[in-house]
Amino acid sequence: MVAPSAGALKRATLVLLLSALIWGSMIPVLADLAAHYDKWMLSWLRYVLGLPVLWLAVLLSPQPTSVRPLRAGRLLALGTAMTAFSVLYTFGVAHAHPATSAIVLMCGPVWATLLARVMLGARMPAGFAVTLAAVVAGGIVVVLGAPSRGTGGFGLEGGEPLLVVAQLCWSWYSIKAQQWLADRGQIALSALTSTVAGVLLGGVCLVVWATVGIEWPAASPPVTDWIMMAWIGVMGVAVALLLWNVGVSLVGVPVASLFGNSAPVFAIGLAALMGREPTLLQLTGGGIVLAAIARHQLLQIRRARR
């Protein structure tokens, strides 16, 4: 990958921070919805609500003059990777200690870096290893400082490998989507892959419904719940996914994945606004994550200007 310019680095920082902010805000919102609605239904509903916004953006945006023909096999592979991420994530979290699963997820930048090295032979920017270690360590401190973590041991409950594979699926999607569909623009890329994933995830939900069953709401959800559902769909799938893909196109998956660890930091900030006071460990870990990312981006911008 060609070293990004200073302008590209600035744009990437902005869009990836916004993406992390949205995904961070979804943590308390999803937790609230999951207490009242079936998790499988929520996963599929996110795509149902987000896709119209993405396709409207495709229709309103300028169309590229020269694109390669779409290949059904590639679209299916990308959609399958997104669907696998959703399914493996759901099962992984359900069958792992909450703190252990959170720590595994905080190691996402490590898996992304390794995969980019294997698939692309990507060389990391100077100082990236130090930043990677600091971001992962800070994220783990955030997890350890959660008031609801409890005092018991972590333990391995079998879901942890599923979470690692889920993150590898997401990183693979992020890399291959840029290789195969970047010529169509990031909006069309996001819309096409999300559509395939939405159809596949709908099929998964039908299988779940026919086998173990899905708990449908007994009554029509209140307006506040519809607003929260719209948020996780429109913002979580449409807007945040688009911002993520734009960021990946500018700086690559390993650097973009660093910003993913700032999502829980933003979730802590939102929880504080809702009256849940963060712990000292959470604040410390969040500060480490944000400071490490800021330092890395500033150093890269300075190098790009030389």
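Presented here is an overview of the structure given in this document. (Residues numbered from 1 in each chain as written. Predicted model: local features only at pLDDT ≥ 70, side-chain atom pairs only at ≥ 80, totals over all residues. Heavy atoms only, no water.)

1. Quick word on the overall build of the protein
As a reminder of what qualifies: The secondary structure listing takes helices from DSSP runs of H or I that are at least 4 residues long and strands from runs of E that are at least 2 residues long, numbered from the N terminus. Every radius of gyration here is taken over C-alpha atoms, with the globule rule written as 2.2 Å times N^0.38, N being the number of residues.
Scanning the protein from terminus to terminus reveals 12 helices and 0 strands. In the protein, the succession of helices and strands from N to C terminus is α-α-α-α-α-α-α-α-α-α-α-α. For the protein, the C-alpha radius of gyration of 19 Å lies close to 19 Å, the compact-globule estimate for 306 residues. Taken over the C-alpha atoms alone, the protein extends approximately 60 × 50 × 35 Å along its principal axes.

2. As for the packing of aromatic side chains
Note the following rule: Any Phe, Tyr or Trp ring, taking Trp's six-membered ring, that has another such ring centre within 6.5 Å forms a pair; planes under 30 degrees apart are called stacked, those over 60 apart edge-to-face, and the others tilted. Partly exposed residues are those whose accessible area sits between 20% and 50% of the maximum for their type, while under 20% is buried and over 50% is exposed, using a 1.4 Å probe and protein chains only.
In the structure shown here, the tally under the stated rule is 9 aromatic pairs. Between the aromatic rings of Trp-209 and Trp-216, the centroid separation amounts to 5.3 Å while the plane-to-plane angle is 75 degrees, which identifies the pairing as edge-to-face. What makes Trp-209 partly exposed here is its relative accessible area of 47%. Here Trp-216 falls in the partly exposed class, since its relative accessible area comes to 45%. Each residue in the set Trp-23, Phe-85, Tyr-89, Trp-170, Tyr-173 and Trp-244 is aromatic and connected to the rest through ring pairs, giving one cluster.

3. Describing the side chain of Thr-113
Convention followed: Every residue pair with non-hydrogen atoms within 4.5 Å of one another is taken to be in contact.
Here Thr-113 is to be found in helix H5 (residues 108–120). Judged by relative accessible area, which is 11%, Thr-113 ranks as buried. In contact with Thr-113, not counting residues within four places along its chain, are Met-124, Phe-128, Leu-132 and Pro-254.

4. Thoughts on the pattern of salt bridges
Spelled out, the test is: Each salt bridge in this description consists of a side-chain nitrogen of Lys or Arg and a carboxyl oxygen of Asp or Glu lying within 4 Å of one another.
Within the structure shown, the criterion is met by 1 salt bridge. Among the ionic pairs, Arg-68 bridges to Asp-183, the shortest N-O distance being 3.4 Å. Of this pair, Arg-68 sits in the loop between helix H2 (39–60) and helix H3 (72–94) while Asp-183 sits in the loop between helix H7 (160–181) and helix H8 (186–211); the two residues are 115 residues apart in sequence, bridging distant segments of the chain. Arg-68 gets classed as partly exposed once you look at its relative accessible area, which sits at 41%.

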